[in-house]
Amino acid sequence: MKRILLKSMRVLIYLEVIFLLFINAGCASKPSGYGAGNLCGLMVDENNKPVKNAIVSCWKGPVCIESVMTNENGVFTFYNLPSVGLGSLKIIGKKNGYANFLKEHCSASDYRQILCCQILSLDSVLALVEEKYLCGNFEECIDLLEKVSAEKRSREENVLLYYKASVAHSWGNQKIFDTAIKRLKENCRIDENHDLNSMINELTEMEGKNEA
């Protein structure tokens, strides 16, 4: 836990430094009248590397005000946001192969402020899942896996489904297990490969043990 907290502190310091380096590149081309009503942020992964081409959406309650994409430096900017109460905005970031990012209670009162965002890659999420799995926190494992965006029938989706089925088997959650293995079998009909078939076979053996 201490190691995680120290790493988080280093991440925040790093993000501030990175922002000073990239803010001119990412937010320099502002339209006239910038200032209040604008919101600028920086998206990085768990290794503090900028995440480009992530979709970032700004929400006011249930309404999506605008969606933008991070640039090469991981910078995103919302211009001329409507006048709303301080801290009443919500920012959601998504990219295939990464866990969804959520930041609530945001405001767009000062363009000089930077919203520091860290989005975890699939590999990092799986590492967290394995740690929580060993501690028996199966529900938390499923919650983490559910947050990862993945294209249908992609390698990322198959890996997520395999982990969900494995966790659900240990947890004793038959519904999640059946749903995951059903989807894997559907993918297997379309994309025949050794790794996917191996996962299917292993999960099928688990299914047999459940029935026994």
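First, a word on what this report is: a plain description of the structure on this page. (Residues numbered from 1 in each chain as written. Predicted model: local features only at pLDDT ≥ 70, side-chain atom pairs only at ≥ 80, totals over all residues. Heavy atoms only, no water.)

1. Examining the environment of Ile-142
Then, in step 1: Mapped onto the elements, Ile-142 comes out in helix H3 (residues 138–146).
Then, in step 2: Judged by its relative accessible area of 6%, Ile-142 falls in the buried class.
Then, in step 3: Sequence separation between Ile-142 and Ile-176 is 34 residues, and the spatial gap between their C-alpha atoms is 9.1 Å.
Then, in step 4: Other than its neighbours up to four places away in sequence, Ile-142 contacts Lys-164, Val-167, Trp-171 and Ile-176. (Helix = DSSP H or I, 4+ residues; strand = E, 2+ residues; numbered from the N terminus. Buried < 20%, exposed > 50% of the residue type's maximum accessible area, 1.4 Å probe, protein only. Contact = heavy atoms within 4.5 Å.)

2. Concerning the nonpolar core
Generally speaking, a soluble globular protein has its nonpolar side chains buried in company with each other.
Then, in step 1: Within the largest apolar cluster, 29 residues are counted, with the highest numbers of intra-cluster contacts made by Val-129, Tyr-163, Phe-177, Leu-184 and Leu-203.
Then, in step 2: Secondary-structure elements contributing two or more residues to this core are helix H2 (122–134), H3, helix H4 (155–171), helix H5 (174–190) and helix H6 (194–211).
Then, in step 3: A per-element tally of this core places H4 first, with eight residues.
Then, in step 4: The residues contacting Leu-184, other than those within four sequence positions of it, are Asn-158, Leu-161, Tyr-162, Leu-196, Ile-200 and Leu-203.
Then, in step 5: Counting 19 residues, the second-largest nonpolar core is a separate cluster that includes Val-56, Leu-89, Phe-101 and Ala-108. (Core = buried A, V, L, I, M, F, W, Y, C linked by side-chain atoms within 4.5 Å.)

3. Topic: H2
Then, in step 1: Helix length check: H2 (13 residues) gives 18 Å between terminal C-alpha atoms against 18 Å at 1.5 Å per residue, within 8%.
Then, in step 2: Every buried residue of H2 is accounted for by Leu-122, Ser-124, Val-125, Leu-126 and Val-129.
Then, in step 3: Each element contacted by the buried residues of H2 is listed here: H3 and H4.
Then, in step 4: Phi for Gly-136, located one or two positions after H2, is positive at around 80°. (Expected span 1.5 Å × (residues − 1).)

4. Some points on the pattern of salt bridges
Then, in step 1: Here the structure, examined in full by the defined rule, presents five salt bridges.
Then, in step 2: Here Glu-140 and Lys-132 are joined by a salt bridge, their closest N and O atoms 2.9 Å apart.
Then, in step 3: Connected through salt bridges with shared partners, the residues Glu-157, Arg-183 and Glu-186 form a single ionic network. (Salt bridge = Lys/Arg side-chain N within 4 Å of Asp/Glu carboxyl O.)

5. Some words on the sheet that holds strand S5 (residues 89–94)
Then, in step 1: Reading across from one edge, S3-S2-S5-S6 is the order of the four strands in this open sheet, with antiparallel pairing throughout. Since the sheet does not close on itself, it has two edges, and those belong to strand S3 (63–69) and strand S6 (101–106), each with one partner. Averaged over all pairs of adjacent strands, the angle between their axes in this sheet comes to 20°, without regard to strand direction.
Then, in step 2: Across six bridges, strand S2 (residues 55–60) lies against S3 in antiparallel orientation. Counted as the bridge partner of Cys-58 is Glu-66 from S3. (Pairing = 2+ DSSP bridges. Axes fitted to C-alpha atoms, helices over the stretch in contact; angles between N-to-C directions.)

6. A few points about unusual backbone geometry
Then, in step 1: Here the phi dihedral of Asn-48 falls at roughly 65°; this positive angle occurs in a residue that is not glycine.
Then, in step 2: Mapped onto the elements, Asn-48 comes out in the loop between strand S1 (39–44) and S2.
Then, in step 3: Even without a glycine there, the phi angle at His-105 is positive, about 60°.
Then, in step 4: With respect to the helices and strands, His-105 occurs in strand S6.
Then, in step 5: Owing to a relative accessible area of 67%, His-105 belongs among the exposed residues under this scheme.

7. Observations concerning the sheet that holds S1
Then, in step 1: Pairing is mixed in the open sheet, where three strands are placed in the order S4-S1-S7. Unpaired on one side and paired on the other, strand S4 (75–78) and strand S7 (114–118) mark the two borders of the sheet. Strand-to-strand twist in this sheet, taken as the mean axis angle between neighbours without regard to direction, amounts to 25°.
Then, in step 2: Here S1 pairs with S7 via five bridges, running parallel. Counted as the bridge partner of Leu-42 is Cys-116 from S7.

8. Focus: the state of the cysteines
Then, in step 1: What the rule picks out here adds up to zero disulfides.
Then, in step 2: No disulfide involves Cys-106; its sulfur sits 7.5 Å from that of Cys-117, the nearest cysteine.
Then, in step 3: With relative accessibility at 5%, the residue Cys-106 sits in the buried group.
Then, in step 4: In this model Cys-116 remains outside any disulfide bridge; the closest cysteine sulfur is found in Cys-117, 7.2 Å from its own.
Then, in step 5: The class of Cys-116 is partly exposed, set by a relative accessible area of 26%. (Disulfide = S-S within 2.5 Å.)

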